[in-house]
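Commentary on secondary and tertiary structure
The residues making up each chain are set out below.
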Amino acid sequence: MAERKARTASKAKEAVLKHPCPNCGAESKVVLYTGYGRRGFFWVCDKNCGYTARTR
């Protein structure tokens with residue numbers, strides 16, 4: 001029988017890595033901005049200190 005990897009198990013490389021905020025030290029998460037203004041994937045601080053950085 002053929003064994004396959006589950007589709008739900010694959011995650012983006014950026015989402016798996018830990019990325020601490022350089023301003024306050026809290027953990028950051030990947031957010032997708034769409035629409036007017038910024039577009040794309042950004043690291044955003046969980047504590048809303050104003051830190052955003054582009055992932056790609």
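Residues numbered from 1 in each chain as written. Predicted model: local features only at pLDDT ≥ 70, side-chain atom pairs only at ≥ 80, totals over all residues. Heavy atoms only, no water.

What to know about the sheet that holds strand β3 (residues 52-54)
Strands sit in the order β1-β2-β3 across an open sheet of three strands; the sheet is antiparallel. Either end of the sheet is taken by a strand with one partner, and the two such strands are β1 (28-33) and β3. Between one strand axis and the next, the sheet turns by 35 degrees as a mean value, whatever way the strands run. In this structure, β1 lies alongside strand β2 (residues 40-45), joined through six bridges in antiparallel fashion. Bridging from a neighbouring strand, K29 pairs with V44 of β2. (Pairing = 2+ DSSP bridges. Helix = DSSP H or I, 4+ residues; strand = E, 2+ residues; numbered from the N terminus. Axes fitted to C-alpha atoms, helices over the stretch in contact; angles between N-to-C directions.)

A word on the environment of F42
Summarising the element assignment, F42 is placed in strand β2. For the pair F42 and R56, spaced 14 residues apart in the sequence, the C-alpha separation amounts to 8.1 Å.

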